[in-house]
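Summary of structural features
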Amino acid sequence: MARIDVPEDSPFGPDHLPYGVCAPRAGERGGARVCTRLGDVVVDLSLALDDPDFANASLDAFLARGVRHWRDTRDRLRALVDGAIPDAAVHPLAEMDSLLPIRIGDYVDFYASIDHATNLGLLFRPDSEPLLPNWRYLPVGYHGRAGTVVVSGTDIRRPRGQRRTDSGAVDFGPSRRLDIEAELGFVIGVGSALGTSIATGEFADHVFGVALVDDWSARDIQAWEYQPLGPFLGKSFATSMAAWITPLSALESARIPLPDQHPEPLPYLRETENWGLDIAISVSWNGTLVSTPPYARMYWSPAQMLAHLTVNGAATRTGDLYASGTVSGPDPSERGSFIELSWGGSAPIALNGEQRTFLEDGDEVVITATAPGTGGSRIGLGEVRGRVLPAHER
Ligand code: CA
């Protein structure tokens, strides 16, 4: 039996206990197990908790069992890590590969930051009001491509597509304006039947946890294609999510009141206790910290986004993912995308002695975040990391 000593300042201490799927490096996919992470070790939960739901390459069986089971399991896990864990269940993180932890049937991306929506409005439609008339009435979103959500660490191939050049000509080639979007994703544990909707007050029965998301975006492809139906190929080539899902129960101390909403939302978007999350995000580009977006500023709450996503009766399923949209704050140092940081490419960023605007081949972006944990600690969400590969020749 092993006792795992985690340094007190570790973002993966006993107040966190996120869930992920790991397999021995270079091992068979069949060796994948649901694990938790403590410091720099992972614990195989199928062995440690003797639960066959965890002898799987995804969290879905566990998620489908519902909120009471999630809480009971967290209690058992807390007791386990305070004591001794069977040796066979403990592995160094460095010897494991992390896999995509859920089977994502549907992926929705919102646009819930007022600062990001304002900045993008100014950049894409400089001659009109930055916020479109619907923005304060509903959480604007679109359905993304679930099949191209990849786990942190996956390389990102530069997409090719149609681009309109400054002269107005249309050509084809690798994106010249490849960008990131720092977002927070929400993982649905228990779905909802077709024809029903999830009220804001039912959020906790459906949403299991959160994970950082990087919504890679090709701005030149996006700018040409997006009207009138919204993002398509400029977004669907890749979306990265963290390998570790932080349960909402680990974020109880991070709950804060939502910023004021005007006008008052329609009744289906109201909450008895209107709440957001005090999560501090950091974006590093080739090892240099370039932005610190504050999730606390988000205009629409996680419960409002889910209520809106299902208000028409759209079904949801275990493993569905919805993301907040780019997190940006009012200060230039808080912008969660490079199109905002470089103001559409017109204000290059000093990066390791170079002047940079969008991503070049070989660049690596790492998004991390911390939040108040229960018991006065600070927990760190699992990072989302990706490196840009050159476009395919054909
Ligand atoms: Ca996005």
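Since the structure is predicted, the reported quantities are computational estimates derived from the model, not experimental observations.

1. What about the nonpolar core?
Met241, Ile279 and Tyr322 are the most contacted members of the largest nonpolar core, which totals 96 residues. If you tally residues by element for this core, the top one is strand E14 (residues 207-214), at six residues. One finds Cys22, Cys35, Leu93 and Trp244 within the second-largest nonpolar core, a separate group that totals eight residues.

2. Some points on the domain arrangement of the chain
If you check the domain split of the chain, you get domain 1 (19-99) and domain 2 (107-389). Contact with domain 1, which involves 21 residues of that partner, is made by 18 residues of domain 2. When the two sides are added together, the surface that domain 1 and domain 2 hide from each other amounts to roughly 1500 Å², 69% of it contributed by carbon and sulfur. Run the count over domain 1 and domain 2 and you get zero salt bridges.

3. Some remarks on the pattern of salt bridges
Summed over the entire model, instances satisfying the criterion amount to 20 salt bridges. Close ionic contact of aspartate 215 with lysine 235 constitutes a salt bridge, the shortest N to O distance being 3.3 Å. Pair noted here: aspartate 215 is in the loop between E14 and strand E15 (217-218) and lysine 235 is in the loop between helix H6 (219-225) and strand E16 (239-241), with a separation of 20 residues, a long-range link. For the pair formed by aspartate 215 and lysine 235, the shared burial category is buried. One continuous salt-bridge network, built from bridges that share partners, spans Asp179, Glu181, Asp215, Arg219 and Lys235.

4. Some words on the sheet that holds strand E26 (residues 378-389)
Whether parallel or antiparallel, the strands of a sheet pair through hydrogen bonds between backbone atoms. In spatial order, the strands read E9-E26-E25-E20-E21; together these five strands make up an open sheet with mixed pairing. Among the strands making up the open sheet, the edge pair consists of strand E9 (156-157) and strand E21 (288-291). Looking at chain direction, E9 and E26 are connected through two bridges and run parallel. In the strand pairing of E26, arginine 157 is matched with leucine 389.

5. Let's talk about the pairing of strand E13 (residues 182-188)
Of all the seven residues making up E13, seven are buried; the element is thus mostly covered by neighbouring parts of the structure. Side chains Ala182, Leu184, Phe186 and Ile188 of E13 all project onto a buried face; the interleaved residues Glu183, Gly185 and Val187 project onto the opposite face, where all are buried too. When E13 meets E14, the two strands line up antiparallel, connected through seven bridges. Looking at the pairing, glutamate 183 lines up with valine 213 of E14.

6. Overview of the coordination of the calcium ion
Donor atoms from the polypeptide that coordinate the calcium ion comprise Asp109 (OD), Glu181 (OE), Glu183 (OE) and Asp215 (OD), at 2.2 to 2.3 Å from the metal. Coordination of the calcium ion draws on donor residues from a single chain, spaced D-x71-E-x1-E-x31-D in sequence. Note that aspartate 109 is positioned in strand E6 (residues 107-110) and aspartate 215 in the loop between E14 and E15, a separation of 106 residues in sequence. The class of aspartate 215 is buried, set by a relative accessible area of 0%.

7. Regarding the packing of aromatic side chains
To describe a pair of aromatic rings, one takes the distance between the centres and the angle between the planes. Applying the stated rule across the entire model yields 14 aromatic pairs. Ring geometry for phenylalanine 54 against phenylalanine 62: centres 5.0 Å apart, planes inclined by 50 degrees, an arrangement best described as tilted. Overall, phenylalanine 62 belongs to the buried group, its relative accessible area being 0%. By the ring-pair criterion, three or more aromatic residues cluster together here, those being Tyr19, Phe54, Phe62, Trp70 and Phe208. One Lys or Arg, arginine 37, reaches over the ring of phenylalanine 12 and ends 3.7 Å from the middle of that ring. Sitting above the plane of the tryptophan 275 ring, arginine 255 keeps its charged end 3.7 Å from the centroid.

8. A word on the pairing of strand E10 (residues 160-164)
Two strands pair when backbone bridges link them, and E10 and strand E11 (residues 170-174) are joined in this way by five bridges, in the antiparallel orientation. Across the sheet, residue arginine 163 finds its bridge partner in E11, namely aspartate 171. Connecting E10 to the next strand, E11, in antiparallel fashion are five residues, including glycine 168 with a positive phi near 100 degrees.

Rules used in this analysis
Residues numbered from 1 in each chain as written. Predicted model: local features only at pLDDT ≥ 70, side-chain atom pairs only at ≥ 80, totals over all residues. Heavy atoms only, no water. Core = buried A, V, L, I, M, F, W, Y, C linked by side-chain atoms within 4.5 Å. Buried < 20%, exposed > 50% of the residue type's maximum accessible area, 1.4 Å probe, protein only. Helix = DSSP H or I, 4+ residues; strand = E, 2+ residues; numbered from the N terminus. Domains from an automatic or database assignment. Contact = heavy atoms within 4.5 Å. Buried area = accessible area lost by both parts, 1.4 Å probe. Salt bridge = Lys/Arg side-chain N within 4 Å of Asp/Glu carboxyl O. Pairing = 2+ DSSP bridges. Donors = N, O, S within 2.8 Å, 3.2 Å for Na, K, Ca; no water. Phe/Tyr/Trp six-rings, centres within 6.5 Å; stacked < 30°, edge-to-face > 60°. Lys NZ or Arg CZ within 6 Å of the ring centre and 35° of its normal.

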